[in-house]
Amino acid sequence: MTSSAARLQPGTVDRSGWKRTRSYLMRHYGWILFLGTFVLPTVAAALYYGLIVSDRYVSESRFLVRSVDKPASEGISAYLRDFGIARANDDAYAIQEYLYSRDAMKAVMRKVDLRAVYARADADPLTRYNPWGRDTDEAFYRYFKRQLTVAKDDETGITTVSVSAYRAADAKAIMDALVALSEAQINILNVRARRDTLGQAQQTLAQAETGLTNATRALTQYRNASESVDPMKSADAAVDRGATLDQSLATLQVNLRTMLAKAPNNPAIPAVRERIAALTRQIAQQRGALTGGSDGLSAKLGNYEDLKVRQDLAAKIYETAQAQMETARQEAIRQQIYIGTIVRPNLPDEAIEPRRWRYFFTVALLSCWTFLMLYLLASGSREHLNLD
């Protein structure tokens, strides 16, 4: 009797093998799912985390960004408050973003050869830095971010920074560099805040100083031009002299009337009249010096008083600007922020990454859930389709 293979005509397909394979898969789909979704991933995880993956050391530091007199928050953070000192949330977030930035990575690379640290030949090929022909700063930045963790506790305000490396000394060196960069960035923020706070006050003080200098120079030039140190005092002296002359003239006039009334032929009368005439001319001359045209003391006094008022006003503006400058300086000191290091970078003596058992059991649990979901889905589909 000829076999079924011998009876096949050219161009036909033998479907008997496919039917047997399909039948086998339908009968043993549970074991196949179990092997594919649970056994194989779990064994692969055991081999990888047990034999392949390299140990990584983690160095950690904790610090608190503080300002001079910002009010502390309520709750647990209140216990972190010192006299006149409180944590600064905005600045802490700024430091957190800076540590995650490309600038921070490049600054660390100037102190530590990060590419050599993370591309060591003794590290496993799956976790070490493998540029695969694209060794760019952007590619390394994405890799380095996965080795760095920066977390801030909103309740206490404490920022925790940790970095992992294949050697303990490398992890500590990177952590030391990051802490130093954080302190340097705080100093930059302080300088910027101080410049912003003092900038306007310094500009106002400079303008006030210029105004006072110009007013004083104008007053000095006027004194030189008028040949009078203080026209106001000169005017007072002239007024006093005029009053004295008026009093002398009045006395002589009284004496003259008395002499004319009692002794009209008194030979001293002409002399008294000459003195009266001389005093009258002198008084007229004195009054002309006070009020006579643009060269009179009254005109000089008006110009002097205007310049003097301008100088006094400029002096008051300068005093106000000085007070504002001192206030701005105190405000700049009050706004100073700094880092209070709670935990210095440590030199780890034991590799805590990767957490082999945790990751292994996580893979096993996820594989088990995957198997159960697919098995229940396949069983439900077979029941719905009435498949044996």
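Structure's up top.
Trainee: Please explain the overall build of the protein as it appears in this structure.
Mentor: Across its full length, the protein holds 11 helices and five strands. Burial statistics for the protein: of 388 residues in total, 33% are counted as buried. Expressed as a percentage of contacts within the protein between residues at least 6 apart in sequence, the contacts between residues at least 24 apart total 75%. Entry remark: accessible area of the protein is about 24,700 Å², with carbon and sulfur atoms responsible for 57%.

Trainee: Explain the pairing of strand 4 (residues 158–165) to me, please; I cannot follow it from the model alone.
Mentor: It is a general feature of regular strands that their side chains alternate between the two faces of the sheet. Across the eight residues that make up strand 4, a large majority, six, are buried. Pairing of strand 1 (residues 57–67) with strand 4, which is carried by eight bridges, proceeds in the antiparallel orientation. The partner of Val 58 across the bridge, within strand 4, is Ser 164. Between strand 3 (residues 148–152) and strand 4, which pair antiparallel and follow one another directly, the connecting turn spans five residues, one of which, Gly 157, has a positive phi of 80°.

Trainee: What am I meant to see in the nonpolar core here?
Mentor: Where a protein is soluble and globular, its nonpolar side chains tend to be buried together. The biggest cluster of nonpolar side chains holds 38 residues, and the ones touching the most others in it are Leu 114, Tyr 118 and Ile 174. With nine residues, helix 7 (residues 168–226) is the single largest residue contributor to this core. When neighbours within four sequence positions are excluded, Leu 114 is seen to be in contact with Met 105, Val 108, Met 109, Phe 140, Phe 144 and Ile 174. Membership of the second largest hydrophobic core comes to nine residues, among which are Leu 205, Ala 208, Tyr 318 and Ala 328.

Trainee: Which parts of the structure should I look at to understand a nonpolar patch on the surface?
Mentor: Taken together, Leu 365, Leu 366, Trp 369, Leu 372 and Met 373 make up a surface patch of nonpolar side chains, about 520 Å² in accessible area. The topology assignment puts Leu 372 in helix 11 (residues 356–385).

Trainee: Looking at this model, I keep getting lost on helix 2 (residues 29–52). Mind explaining?
Mentor: Helical periodicity: at 3.6 residues per turn, an α-helix aligns residues three or four positions apart in one direction. Where helix 2 bends most, the angle comes to about 35°, and this point is Leu 35. Along helix 2, the residues classified as buried are Tyr 29, Gly 30, Leu 33, Thr 37, Thr 42, Ala 45, Tyr 48 and Tyr 49.

Trainee: Any chance you could explain the pairing of strand 1 here in plain terms?
Mentor: Counting buried positions over the 11 residues of strand 1 gives eight, a clear majority of the element. Here six bridges tie strand 1 to strand 5 (residues 337–343), and the two strands are oriented antiparallel to one another. Across the sheet, the residue bridging to Arg 66 is Tyr 338, located in strand 5.

Trainee: Help me understand the pattern of salt bridges in this model?
Mentor: When charged atoms on two side chains of opposite charge get close, those side chains can pair. Throughout the structure, instances matching the rule amount to 12 salt bridges. Asp 137 serves as the salt-bridge partner of Arg 115, at 3.0 Å between the closest nitrogen and oxygen. Of this pair, Arg 115 sits in helix 5 (residues 114–118) while Asp 137 sits in helix 6 (residues 137–147), placing them 22 residues apart in sequence. By relative accessible area, Asp 137 is classed as partly exposed at 39%. Between Asp 154 and Lys 152 there is a salt bridge; the shortest N-O distance is 3.7 Å. For Lys 152, a relative accessible area of 13% gives the class buried.

Trainee: I keep staring at unusual backbone geometry and nothing clicks. Help me out?
Mentor: Excluding glycine, residues mostly have negative phi values, and the peptide bonds linking residues are mostly trans. Look at the link from Glu 353 to Pro 354: it is a cis peptide, with omega at -5°. Mapped onto the secondary structure, Pro 354 falls in the loop between strand 5 and helix 11.

Trainee: Is there a simple way to think about the packing of aromatic side chains in this case?
Mentor: Each aromatic ring pair is specified by the distance between its two centres and by the angle formed by the two planes. Tallied over the full model, the rule gives 16 aromatic pairs. Taking the centre distance of 5.0 Å and the plane angle of 90° together, the rings of Tyr 129 and Phe 140 count as edge-to-face. Of this pair, Tyr 129 sits in the loop between helix 5 and helix 6 while Phe 140 is found in helix 6, placing the two residues 11 residues apart along the sequence. For Phe 140, a relative accessible area of 0% translates into the label buried.

Rules and cut-offs
Residues numbered from 1 in each chain as written. Predicted model: local features only at pLDDT ≥ 70, side-chain atom pairs only at ≥ 80, totals over all residues. Heavy atoms only, no water. Helix = DSSP H or I, 4+ residues; strand = E, 2+ residues; numbered from the N terminus. Buried < 20%, exposed > 50% of the residue type's maximum accessible area, 1.4 Å probe, protein only. Contact = heavy atoms within 4.5 Å. Areas by Shrake-Rupley, 256 points an atom, 1.4 Å probe, with all protein chains shown as cover. Pairing = 2+ DSSP bridges. Core = buried A, V, L, I, M, F, W, Y, C linked by side-chain atoms within 4.5 Å. Patch = residues over 30% accessible without salt bridge, like charges linked within 9 Å, V, L, I, M, F, W, Y side chains within 5 Å. Salt bridge = Lys/Arg side-chain N within 4 Å of Asp/Glu carboxyl O. Bend = angle between axes of the 7 residues up to and from the residue. Phe/Tyr/Trp six-rings, centres within 6.5 Å; stacked < 30°, edge-to-face > 60°.

Scope: geometric values only; no functional claims are made or implied.
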